[in-house]
Amino acid sequence: MRSLIFAACVAVPALAAQGRPSPAPPPLGAWTPVPELPGMARPVDTANVAARRRALLARIGRGVVLVPAAHERELERDYLQDNDFRQSNTFFYFTELETQDAWLLLVAGGGATETVLFLPPRNPFQERWTGLRLGSDSTAVRVSGIARVLPTDSLDPLLSAALFRVRGPLYVPLDQTTRDDPRLRDLVFAGIDVRNLRPIADSLRLVKDADEVARMRKAVDISVLGHIAAMQAARPGMWEYEIEAALEAEFRRNGADRVGYPSIVGSGPNSTTLHYDVNRRQTRDGDLVVVDAGAEWGQYTADVTRTFPVNGKFTPRQKAIYDLVLATQQAAFDSTRPGTTIERLNRIAKDYMRAHSGTLCGVPCDAYFIHGLSHGLGMDVHDVGDYRTPLKQGMVITIEPGIYLPQEALGVRIEDDVLVTATGAEWLSAKAPKTTAEIERLMGRR
Ligand SMILES: [Mn+2]
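So, how was this worked out
Residues numbered from 1 in each chain as written. Predicted model: local features only at pLDDT ≥ 70, side-chain atom pairs only at ≥ 80, totals over all residues. Pairing = 2+ DSSP bridges. Helix = DSSP H or I, 4+ residues; strand = E, 2+ residues; numbered from the N terminus. Contact = placed C-beta atoms within 7 Å. Axes fitted to C-alpha atoms, helices over the stretch in contact; angles between N-to-C directions. Core = buried A, V, L, I, M, F, W, Y, C linked by C-beta atoms within 7 Å. Buried ≥ 20, exposed ≤ 12 C-beta atoms within 10 Å, placed from the backbone. Domains from an automatic or database assignment. Expected span 1.5 Å × (residues − 1). Arc of directions from axis to C-beta. Left-handed = near helix turned anticlockwise from the far one by under 90°. Nonpolar A, V, L, I, M, F, W, Y, C, P; charged D, E, K, R; others polar. pLDDT = per-residue confidence, 0-100.

## Things to note about the sheet that holds strand E11 (residues 300-301)
The strand order E7-E10-E11 describes an open sheet built from three strands, whose pairing is antiparallel. Of all the strands in the sheet, just strand E7 (258-259) and E11 have a single pairing partner and so form its edges. As paired strands, strand E10 (residues 295-297) and E11 are joined by two bridges and run antiparallel to one another. Its bridge partner lying in E11, Trp-297 is registered against Tyr-300. Docked against the sheet, helix H11 (residues 210-233) engages E10 and E11, running at close to 145° with respect to E10.

Right, dumping it as structure tokens:
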């Protein structure tokens, strides 16, 4: 009975999140590796992933869900410089397992709900190369919190039986990461009523639960340390990649799994190129440097941008532009609350900048604010959701106004990650120095 009530509560995560204070996030470093998991992965928050699966089944009502884990990338065949395994986000969301080539089967309707995890057989010879893998045994049951774990070769008969019993559609994630999967392709062409799981799974991902918020706080905290390290390292004459190295060394030193996206370190003219990530220019005295970089931790990424003078001191002109961008960001933040949309915040920011431009840019400065203000953040740096989705408590978005003046080789972007709260929003990345005074103070101490 208790579990029935719980399932009903989590069916609408947004409702469940309302009015209930989320538990305090675990302190930094509270996650310890699980030796039995491949890659010495971190423990699964079994209660939260089970709640996510129940929410999914409640949404589907009747049907079968099949979610594949990511494949191992092949160094020999794929010619990738970075051969790091990264789990598929959909599979991770419902399991938090960083294990290769697994499948998750969920069955709703036709009697009881069912959850089965399928794992490839272990191969001791291969494990000499890959390290330990999770196999279909009691270890997998314990770390996953899923009571039924079977080898992958029993997937086909169980899937057929489930489809026959439930007489509902089959939901699989259909996207670029799965479209070449032969097993999914066969299902699509087998005459089964196959539907895309992604829209439903993505809508569940919009509102972050306590475990997700804790992961994001950790990714953001690490990113803040990286940005501080970049400011401390910067000197005129330094190459952009040297600043990048200081930044990413600090990410890794603090346990980041990888970067959430290629780090942008754009100095002088490159500060006006939005997604410049070549990072090969030598900085010059008087340059501004735009650093847009986020660490990924536990599958979740931050997305933080700071702009600073490479010599540690803003010119009056740089400061004037900077302060307008900063005030614009604050205006957007002040309007961030449940019920509004990113589209509306974007309008508020651009109107604010236009109204406060004076003669700073010749024409109103919003003409040089050439990108959107905000996007969702989570496992993807541009996470699920669109600009018209009403914000809800528990969503995490960026707020990132900018002004880019190529004719002056002067670009400024300030980007922070914010958590939507019951009544407004909370800055997550506030610990990275942001006012010109804070930045000059930090850089003056070098
Ligand atoms: Mn961003």
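Structure shown, so let's carry the discussion forward.
## Focus: the nonpolar core
One finds Leu-56, Val-65, Leu-117, Ile-243, Val-289 and Val-291 to be the most contacted residues of the largest nonpolar core, which totals 113 residues. The element best represented in this core is H11, accounting for ten residues. Each of domain 1 (31-205) and domain 2 (210-444) contributes no fewer than three residues to this core. With sequence-adjacent residues up to four places away left out, Ile-243 is seen in contact with Ala-230, Ala-233, Ala-234, Met-238, Val-265, Val-289 and Val-291.

## Considering helix H13 (residues 316-334)
Taking 1.5 Å of rise per residue, 19 residues should cover 27 Å, and H13 covers 27 Å from first to last C-alpha, within 8% of that figure. Turning to H13, its buried residues number three or more, namely Gln-318, Ile-321, Tyr-322, Leu-324, Val-325, Thr-328, Gln-329 and Ala-332. The buried residues of H13 all sit within an arc of 155° when viewed along its axis, so they share a single face. Residues of H13 that are exposed and point over 90 degrees away from its buried face: Pro-316 and Asp-334.

## Side note on the pairing of strand E8 (residues 264-267)
Burial along E8 is two-sided: Ile-264 and Gly-266 and Val-265 and Ser-267, pointing in opposite directions, are all buried. Note: E8 against strand E9 (residues 288-293), four bridges, orientation antiparallel. Each residue of the ladder has a partner; that of Val-265, found in E9, is Val-291.

## Let's talk about the packing of H11 against helix H12 (residues 240-253)
Running from N to C, H11 and H12 cross one another at 145°; their axes reach a closest spacing of 8 Å. Judged by the sense of rotation from one axis to the other, the crossing of H11 with H12 is right-handed. Only Ile-243, Ala-246, Leu-247, Glu-248, Glu-250 and Phe-251 of H12 make contact with H11, whose side of the interface consists of Ile-222, Leu-225, Gly-226, His-227, Ala-229, Ala-230 and Ala-233. Residue classes in the contact of H11 with H12 are distributed as nine nonpolar, two polar and two charged.

## A short note on the environment of Gly-266
Here Gly-266 is to be found in strand E8. On a C-alpha basis, the gap between Gly-266 and Asp-287 in space is 9.6 Å, while along the polypeptide they are 21 residues apart. Once residues within four sequence positions are removed from consideration, Gly-266 is found in contact with Ser-271, Thr-273, Tyr-276, Val-289, Val-290 and Gly-411.

## Overview of the confidence of the model for the chain
A residue-level look at the chain finds 90% of positions with pLDDT of 70 or above and a mean pLDDT of 90. Note on residues 1-22: pLDDT under 50 across the span, and 21 contacts to partners over four residues away in sequence or across chains.

## Things to note about the sheet that holds strand E13 (residues 396-399)
Across the sheet, three strands lie side by side as E13-E16-E17; this open sheet has antiparallel pairing. Edge positions in the open sheet fall to E13 and strand E17 (425-427), since each of these has one partner strand only. The mean angle between the axes of side-by-side strands here comes to 35°, regardless of whether they run parallel or antiparallel. With four bridges joining them, E13 and strand E16 (residues 416-420) adopt antiparallel strand pairing. Paired with Ile-399 across the bridge in E16 is Asp-416.

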